[in-house]
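Chain residues, written in single-letter form:
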Amino acid sequence: MNNEIKIFSPATVANVACGFDVLGFCLDTIGDEMVIRKTDEKGIKITKIEGYDLPFEAEKNVAGVSALAMYNDLQPDCGFEIEIYKNIKPGSGIGSSSASAAGSVFGMNELLGQPLDKAKLTYYAMKGEALASQCEHADNLAPAIFGGFTLVKSVNPIQILELPTPSDLYATLIHPQIEIKTSEARAILPKEVPLANAITQWANVGSLVHALHTSDYELIKNALNDVVIEPYRKQLIPHFDAVKNSVLEAGALGCAISGSGPSIFALSKNEATAKTVENAMKAIYSKTAIKFETYVSKINTQGIKTLSK
Ligand code: HSE
């Protein structure tokens with residue numbers, strides 16, 4: 001059996017407008033690379049981190065925390081070294097911590113001969129994710145591990161539903177180079193939701209799930225609306241309304257905050273529209289002093305990919 005695996009651990013978009021903490025989808029063109037290696041010496045060691053300044057102590061690093069949770073339960077007859085090559089900026093709203101937390105447990109599971117299923121990997125990855133966001137949620141982890149669109153039915157016990165991906169669906173993202181900590185973006189949310197807003201929101205979630213199953217792009221367009229979270233969080237993201245208005249005019253099906261921001265995502269039917277939408281996003285932010293990156297990505301239906309083993 002191989003002692004080393006190199007993986008691509010993808011960025012993800014959580015919430016998908018209406019599905020706060022439950023819906024997510026997986027991106028294809030943005031992600032981290034990680035190498036996980038079996039060692040004779042027991043324990044979990046993070047031996048290399050490139051890209052961003054993150055802690056090497058396993059107990060303080062999301063990839064280390066998820067790895068330790070799995071390792072302590074499985075008690076394998078070996079240890080593991082983890083190398084992290086980070087491309088996803090922490091605090092970007094596209095699942096940076098999830099990519100790390102999911103990547104380590106995915107790689108270990110492969111090297112151990114796949115003793116765990118994807119739901120169990122999500123469970124361990126959630127332990128690492130909790131270090132970053134101070135609460136256990138799996139709406140970035142599930143799409144990273146399962147691929148495509150996912151719905152987190154429950155975190156305790158962990159129950160993930162895989163949703164179909166309409167074949168023409170493309171995502172466009174803009175990442176303004178400001179940092180929003182998930183914990184802070186959660187702290188500003190109200191603890192209670194007015195019933196009328198809750199009704200709108202769960203109608204949208206149900207409609208979006210149905211639309212994904214039936215590849216109904218008009219219904220996707222109708223359902224991509226967030227009346228619960230966006231009104232509070234959009235104040236943290238400069239020019240959010242201008243971007244949203246402009247990309248909807250450019251033909252996007254919908255536009256919302258990616259995870260806890262500051263990234264903003266749009267979904268479009270076909271790649272050409274997704275690129276027009278990208279230009280619309282760029283046009284708004286080019287007029288500001290804020291640096292930004294944009295991406296166009298197909299939905300990644302595979303999730304984490306093995307690059308070499
Ligand atoms: N559902 C989470 C949130 C995703 O919006 O706070 C961020 O990691």
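Predicted model, so just to flag it, every value in this text is computed and none were measured.

Colleague: So what's going on with the overall build of the chain? Which residues, and what values?
Modeller: Per the secondary structure count, the chain includes 10 helices and 11 strands. In terms of overall size, the chain behaves like a compact globule, its C-alpha atoms giving a radius of gyration of 19 Å where 309 residues would be expected to give roughly 19 Å. When its C-alpha atoms are laid out on the principal axes, the chain stretches across 60 × 40 × 35 Å. Buried residues in the chain amount to 54% of all 309 residues.

Colleague: So what about a nonpolar patch on the surface? Which residues, and what values?
Modeller: A contiguous nonpolar patch, built from I188, Y232 and L236 and spanning about 240 Å² of accessible area, is present on the exposed surface. For Y232, the location among the structural elements is in helix 8 (residues 230–233).

Colleague: Tell me what's going on with the site of the ligand, and back it up with residues and numbers.
Modeller: Inspection of the region around the ligand gives A14, N15, F20, D21, H137, D139, N140, T182, R186, R233, G259 and S260 as its neighbouring residues. Between the ligand and N15 there is a distance of 2.8 Å, counted from an oxygen atom to a side-chain nitrogen or oxygen. In isolation the ligand has 260 Å² of accessible area, and contact with the protein removes 96% of it. Of the residues assigned to the shell around the ligand, the class counts are two nonpolar, six polar and four charged.

Colleague: Quick rundown of the nonpolar core? Include the residues and the values.
Modeller: Core analysis: the biggest nonpolar cluster contains 40 residues, and I36, I44, F80, I82 and M108 have the highest contact counts within it. It is helix 1 (residues 62–74) that provides the largest number of residues to this core, a total of seven residues. Leaving out residues up to four positions away in the same chain, I82 has contacts with M34, V35, I36, I44, K45, I46, T47, K48, A63, A67 and S104. Core analysis: the second largest hydrophobic core is formed by 32 residues, C18, F25, V205 and L253 among them.

Colleague: I'd love a proper account of the side chain of R186, names of residues and values included.
Modeller: Here R186 is to be found in helix 5 (residues 182–187). Within the structure, R186 has its side chain in polar contact with the side chain of D21 (distance 2.7 Å). When neighbours within four sequence positions are excluded, R186 is seen to be in contact with F20, D21, S133, C135, H137 and R233.

Colleague: Before we move on, could you go through unusual backbone geometry and cite the residues and values that matter?
Modeller: Here the amide bond leading from N156 into P157 is cis, since omega sits at 0°, within 30 degrees of zero. With respect to the helices and strands, the residue P157 is situated in the loop between strand 5 (149–155) and strand 6 (158–163). Omega for the peptide link from G261 to P262 comes to 10°, which places this bond in the cis form. Tracing the sequence through the fold places P262 in the loop between strand 8 (254–257) and strand 9 (264–269). One non-glycine residue, N270, lies in positive phi territory at about 95°. Tracing the chain through its elements places N270 in the loop between strand 9 and helix 10 (271–286). Looking at N270, the relative accessible area reads 32%, which means it is partly exposed.

Colleague: Account for the domain arrangement of the chain, with residues named and values stated.
Modeller: Taken as a whole, the chain is organised into domain 1 (4–163 + 301–308) and domain 2 (169–298). The straight-line distance from the C-alpha centre of domain 1 to that of domain 2 is 24 Å. Counting residues at the interface gives 30 residues for domain 1 and 38 residues for domain 2. Seen at the junction of domain 1 and domain 2, the total is one salt bridge. With a shortest N-O distance of 2.7 Å, D21 and R186 are connected by a salt bridge. Joining domain 1 to domain 2, the criterion identifies 10 residue pairs in polar contact (both at pLDDT 80 or more). When contributions to the side of domain 1 that touches domain 2 are tallied by element, the ones reaching two or more residues are strand 1 (4–14), strand 2 (23–39) and strand 5. If one sorts the elements of the side of domain 1 that touches domain 2 by residue count, strand 2 sits on top with seven residues. Along the lines of polarity and charge, the residues of the side of domain 1 that touches domain 2 split into 17 nonpolar, 10 polar and three charged.

Rules of the game
- Residues numbered from 1 in each chain as written.
- Predicted model: local features only at pLDDT ≥ 70, side-chain atom pairs only at ≥ 80, totals over all residues.
- Heavy atoms only, no water.
- Helix = DSSP H or I, 4+ residues; strand = E, 2+ residues; numbered from the N terminus.
- Rg over C-alpha atoms; globule rule 2.2 N^0.38 Å.
- Buried < 20%, exposed > 50% of the residue type's maximum accessible area, 1.4 Å probe, protein only.
- Patch = residues over 30% accessible without salt bridge, like charges linked within 9 Å, V, L, I, M, F, W, Y side chains within 5 Å.
- Areas by Shrake-Rupley, 256 points an atom, 1.4 Å probe, with all protein chains shown as cover.
- Salt bridge = Lys/Arg side-chain N within 4 Å of Asp/Glu carboxyl O.
- Near = heavy atom within 4 Å.
- Polar contact = N/O pair within 3.5 Å; in protein donor to acceptor, adjacent residues only side chain to side chain.
- Nonpolar A, V, L, I, M, F, W, Y, C, P; charged D, E, K, R; others polar.
- Core = buried A, V, L, I, M, F, W, Y, C linked by side-chain atoms within 4.5 Å.
- Contact = heavy atoms within 4.5 Å.
- Domains from an automatic or database assignment.

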